[in-house]
Amino acid sequence: MYYFYFVLILISFSCSNRPKPEWLNSQPQQLYYWYGIGIVNKKNLNNDCRELAKNNAISEIASQIKLELSGKFKRVITENNLNLNDFSKSIFETRTENKFFDVEFVDYYDGRDKCAMLVKLSQVKYYKKIEEMRENAVKTALGLLEEAESEFSYQTFSYLNDAINEIFPYVDFPIEVEYPSGTGEIINIYRYIKVQSSKYLNRINLVPDSENIEINLVNISKESFNVRVLDKKNGSILYNIPVLSYLNNDEKSKTVFSNQLGNSAFSFSQIENKSIQYINFELSTEIMKNYSLIGEFPKINSQITLNVIPPKIYIFIKENNLGEESENPYINSAFSEYLNKYFSAKFVDQNKAEILIKGVANTRAISLEPNNYGIYQVFGDATISIINNQTGEEIISKSYNKIQGSDFHSNFEAGKQSLKKISKQIEEDFFSQFIEYLK
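The structure displayed is predicted, hence computed values, not measured ones.

Looking at the sheet that holds strand 1 (residues 33–41)
- Strand order across the open sheet formed by 3 strands is 1-3-2, with antiparallel pairing between neighbours. Each edge of the open sheet is held by one strand with a lone partner, namely strand 1 and strand 2 (104–110). Going across the sheet, the axis of each strand differs from the next one's by a mean of 15°, ignoring polarity.
- Summarising the sheet, strand 1 and strand 3 (residues 114–122) pair through 9 bridges and their orientation is antiparallel.

See below:
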């Protein structure tokens, strides 16, 4: 390298007034060499013109190598369904990094408005260096392959992918090696790793604890749904495998890695009001894309069928309008309609119920007579409680006070309006709390 710059300096002194060399117009051609010409415009140039010209010349050689490699790798790109740009980034950069170039200085021209440099690279030296790198990559890949096949786990895919990464820049020529060592068996290592990757992927088995489950919507958050990740070949546990789960056709999904017992447990905050539903489990291909070089991942899935049992509910809300029990209770009806619509609730006797909804509502008149505007005014109060009938625990309790009802005809009709308003408020804020409990 020092010799390179020494020669460069000597020549620069002698060529400041020399005529433009022929190689500026016509690039030299020589068997078993690549030539590169780097030209730099001196206008507004603050950096060393020689260094820039040298880098440009090397880049031109790199472009020639890339062009040559594009043809050789066309088959590989097609077989692996790769994007040419991505492929160029991952492969060409490895094969054309400047640190691998043992370039030889040929000539330097320093003109008034531009400078230029001519360099060449021996194809024999270049391919010898690439061959050394290829041999090292193969040794590393074989070591990774041995690790991958020593024990089947999630790490297996990491080893296989790393092995592919090692040899991928050199698969323009088939890589055939003895494997396992000492057996005399010759394999194409690239093809072998791809086949083994597919075999390992197809050994993953997702096994739910149960394929059919009866579930109650009450306290659904306490329920857990588990799938075990096992090896189809021998039934052994596979840990640290990413599994995703989703309910029915919901696009939102959760990913859980199987633990050392092979379990991936999932819970859902809300299950729809349908008699039959499905919990789906899949191998998380999104995470496995980190290992995209080992091939396409098959869809590995399993399913649990949920038989949803509607909650058993007992409702007793006493509504008194001006001391008389209402014949058509508003609050009671509001609860019944809502629970039937959204939860297909089953209304049963108190001793059979899982949830008790109890309450009392009363109305009172301000006066026996209408006010100065001819309006009768009545106020209503109500207290509603929801109780877990199995534990006796009061889950929610809420009071509504001084809810005004008005009417032009009578206090009794004004009392009805008050009860209607209480019913409406319960629908707006109390039902949401009840849903949270069911979640």
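What to know about the state of the cysteines
- In total, this model carries 1 disulfide according to the counting rule given.
- With its sulfur 1.8 Å from that of its partner, Cys49 forms a disulfide with Cys115. On the S-S bond that ties Cys49 to Cys115, the torsion sits near -100°, and the link is left-handed. Placement of Cys49 in helix 2 (residues 49–72) and of Cys115 in strand 3 is noted, with a sequence separation of 66 residues between them. Residues Cys49 and Cys115 agree in their burial class; the two are buried.

So, the nonpolar core
- With 62 residues, the main nonpolar core has Ile167, Ile204 and Phe281 as its most contacted residues.
- The biggest single contributor to this core is helix 5 (residues 123–150), with 10 residues.
- The next biggest cluster of nonpolar side chains, apart from the first, holds 24 residues, and it includes Tyr338, Ala382, Leu419 and Ile426.

Comments concerning the environment of Asp162
- Turning to its location among the elements, Asp162 is positioned in helix 6 (residues 154–167).
- Look at Asp162 and you get partly exposed, because its relative accessible area is 33%.
- Expressed as a C-alpha distance, the spacing of Asp162 and Leu144, which sit 18 residues apart in the sequence, is 7.2 Å.

Comments concerning the confidence of the model for the protein chain
- Here the protein chain averages 83 in pLDDT, and 82% of its residues register 70 or above.
- When mean pLDDT is compared element by element in the protein chain, strand 2 scores highest at 95, while helix 1 (residues 2–14) scores lowest at 50.

Things to note about the pairing of strand 12 (residues 276–283)
- Among the 8 residues of strand 12, 6 are classified as buried, and the element is accordingly described as predominantly covered.
- Here 5 bridges tie strand 9 (residues 242–247) to strand 12, and the two strands are oriented antiparallel to one another. Within strand 12, the residue paired with Leu247 across the bridge is Ile279.
- Where strand 12 and strand 13 (residues 301–309) come together, 7 bridges link them in antiparallel fashion. Residue pairing across strands places Glu282 opposite Asn301, the latter belonging to strand 13.

Description of the pattern of salt bridges
- Taken as a whole and judged by the stated rule, the model has 4 salt bridges.
- A salt bridge links Arg364 to Asp381; the shortest N-O distance between them is 2.2 Å. In this pair, Arg364 sits in strand 17 (residues 355–365) while Asp381 sits in strand 18 (residues 376–388), placing the two residues 17 residues apart along the sequence.

Some details on the packing of helix 5 against helix 7 (residues 189–201)
- The interhelical angle for the contact between helix 5 and helix 7, taken along N-to-C directions, is 20°, at an axis separation of 12 Å. Considered as vectors, helix 5 and helix 7 are oriented roughly parallel to each other. Of the two possible hands of crossing, helix 5 and helix 7 adopt the one that is left-handed. Touching Ala141, Leu142, Leu145, Ala148 and Glu149 of helix 5 are Ile189, Tyr192, Ile193, Gln196 and Tyr200, all from helix 7.
- The residue makeup of the contact of helix 5 with helix 7, split by class, is 8 nonpolar, 1 polar and 1 charged.

What about the side chain of Ser385?
- Looking at the element boundaries, Ser385 is found in strand 18.
- In this structure the side chain of Ser385 is engaged in a polar contact, spanning 3.3 Å, whose partner is the side chain of Ser397.
- Beyond its immediate sequence surroundings of up to four residues, Ser385 is in contact with Leu356, Ile357, Lys358, Glu394, Ile396 and Ser397.

Here's the deal with the packing of aromatic side chains
- Within this structure, the stated rule accounts for 8 aromatic pairs.
- When the ring of Trp34 is compared with that of Tyr126, the centres are 5.3 Å apart and the planes differ by 85°; the resulting orientation is edge-to-face. Within this pair, whereas Trp34 is found in strand 1, its partner Tyr126 is found in helix 5, the two being separated by 92 residues in sequence.
- Under the relative-accessibility criterion, Tyr126 is labelled buried at 2%.
- Measuring from ring centre to ring centre gives 5.8 Å for Phe168 and Tyr190, while their planes differ by 20°; the resulting arrangement is stacked. Of this pair, Phe168 sits in the loop between helix 6 and strand 4 (176–178) while Tyr190 sits in helix 7, and the two are 22 residues apart along the sequence. The residues Phe168 and Tyr190 share a single accessibility class, namely buried.
- Feature note: the residues Trp34, Tyr126 and Tyr127 constitute an aromatic cluster, connected by ring pairs.

What about helix 9 (residues 330–343)?
- The end-to-end C-alpha distance of helix 9, which contains 14 residues, comes to 20 Å, matching closely the 20 Å that a straight helix rising 1.5 Å per residue would cover.
- Within the sequence span of helix 9, burial applies to Ile331, Asn332, Ala334, Phe335, Tyr338, Leu339 and Phe343. Taken end-on, helix 9 shows its buried residues confined to a sector of 160°, consistent with a single buried face. Facing away from the buried side of helix 9 by more than 90 degrees, the exposed set consists of Glu337 and Lys341.
- Note on helix 9: the residue one or two positions beyond its end, Ser344, has a positive phi of about 50°.

A few points about the side chain of Ser264
- For Ser264, the position within the fold is in strand 11 (residues 263–266).
- Apart from residues lying up to four places away in sequence, Ser264 is in contact with Phe225, Asn226, Val227, Val229, Ile241, Val243, Val256, Phe257 and Ser258.

Rules used throughout
- Residues numbered from 1 in each chain as written.
- Predicted model: local features only at pLDDT ≥ 70, side-chain atom pairs only at ≥ 80, totals over all residues.
- Heavy atoms only, no water.
- Pairing = 2+ DSSP bridges.
- Helix = DSSP H or I, 4+ residues; strand = E, 2+ residues; numbered from the N terminus.
- Axes fitted to C-alpha atoms, helices over the stretch in contact; angles between N-to-C directions.
- Disulfide = S-S within 2.5 Å.
- Buried < 20%, exposed > 50% of the residue type's maximum accessible area, 1.4 Å probe, protein only.
- Core = buried A, V, L, I, M, F, W, Y, C linked by side-chain atoms within 4.5 Å.
- pLDDT = per-residue confidence, 0-100.
- Salt bridge = Lys/Arg side-chain N within 4 Å of Asp/Glu carboxyl O.
- Parallel < 35°, antiparallel > 145°, perpendicular 65-115°, else oblique.
- Left-handed = near helix turned anticlockwise from the far one by under 90°.
- Contact = heavy atoms within 4.5 Å.
- Nonpolar A, V, L, I, M, F, W, Y, C, P; charged D, E, K, R; others polar.
- Polar contact = N/O pair within 3.5 Å; in protein donor to acceptor, adjacent residues only side chain to side chain.
- Phe/Tyr/Trp six-rings, centres within 6.5 Å; stacked < 30°, edge-to-face > 60°.
- Expected span 1.5 Å × (residues − 1).
- Arc of directions from axis to C-beta.

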